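Residue-level listing of the chains:
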Amino acid sequence: QVQLVESGGGLVQPGGSLRLSCAASGKIPSGYYMGWYRQAPGKQRELVAVIRSGGTTYADSVKGRFTISRDNAQNTVHLQMNSLKPEDTAVYYCRVNHPLSGLGDYWGQGTQVTVSS
């Protein structure tokens, strides 16, 4: 079983930056995706970025501003967030999952990111 712990959230002003980290317990098989999702008040949880063996994928709303990276040796995934906007305000969740259902799906507890002046 994999446990995920997020860190790095906080309050920043528009245009600022934050770096989120997600540390996973245990070993993450190479075939699993590692990603970040977010949920703002009154909105559905949405994919922000995901990294897998074949590359990375970003939501259109964060392209060019956010960068996801993975440290396999440390079982850690990061999300560098630059040029933050108020609409980026949300609880950000780390996720580790296999693309095939039933083969593992793990979520962190979430970390709050607030972008406000």
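Look a little higher up for the structure.
Report on the accompanying structure.

What counts and what doesn't
- Residues numbered from 1 in each chain as written.
- Predicted model: local features only at pLDDT ≥ 70, side-chain atom pairs only at ≥ 80, totals over all residues.
- Heavy atoms only, no water.
- Helix = DSSP H or I, 4+ residues; strand = E, 2+ residues; numbered from the N terminus.
- Rg over C-alpha atoms; globule rule 2.2 N^0.38 Å.
- Buried < 20%, exposed > 50% of the residue type's maximum accessible area, 1.4 Å probe, protein only.
- Contact = heavy atoms within 4.5 Å.
- Lys, Arg positive; Asp, Glu negative; His and termini not counted.
- Charge placed at Lys NZ, Arg CZ, Asp CG, Glu CD.
- Pairing = 2+ DSSP bridges.
- Axes fitted to C-alpha atoms, helices over the stretch in contact; angles between N-to-C directions.

### Focus on the overall build of the protein
So, step 1. Looking only at helices and strands, the protein has 0 helices and 11 strands in total.
So, step 2. Mapped in sequence order, the helices and strands of the protein form the string β-β-β-β-β-β-β-β-β-β-β.
So, step 3. At 14 Å, the protein has a C-alpha radius of gyration in line with the 13 Å of a compact globule built from 117 residues.
So, step 4. Along the longest, intermediate and shortest principal axes, the C-alpha atoms of the protein span 40 × 25 × 25 Å.
So, step 5. Split into buried and exposed, the 117 residues of the protein put 43% on the buried side.
So, step 6. Residue pairs at least 24 apart in sequence account for 54% of intrachain contacts in the protein once pairs closer than 6 positions are excluded.
So, step 7. With 11 positive and 7 negative side-chain charges, the protein shows a spacing of 3 Å between the two charge centroids.

### Details of unusual backbone geometry
So, step 1. Unusually for a residue other than glycine, Ser83 sits at a positive phi of about 50 degrees.
So, step 2. For Ser83, the location among the structural elements is in the loop between strand E8 (76–81) and strand E9 (90–97).
So, step 3. Residue Ser83 is classed as partly exposed on the basis of its relative accessible area, which comes to 41%.

### What to know about the sheet that holds strand E7 (residues 66–71)
So, step 1. Pairing within the open sheet is antiparallel, and its 4 strands lie in the order E1-E3-E8-E7. One side of each edge strand has no neighbouring strand; the edge strands of this open sheet are strand E1 (4–7) and E7. Taken over all neighbouring pairs, the strand axes of this sheet differ in orientation by 15 degrees on average, direction set aside.
So, step 2. Pairing between E7 and E8: 6 bridges, direction antiparallel. Note that in E8 the partner of Thr67 across the bridge is Gln80.

### Considerations on the environment of Ala23
So, step 1. Inspection of the secondary structure puts Ala23 in strand E3 (residues 18–24).
So, step 2. Distance from Ala23 to Val77, taken between C-alpha atoms, is 6.8 Å for residues 54 residues apart in sequence.
So, step 3. Not counting residues within four places of it along the chain, the set of residues in contact with Ala23 comprises Gln3, Leu4, Val5, Asn75 and Thr76.

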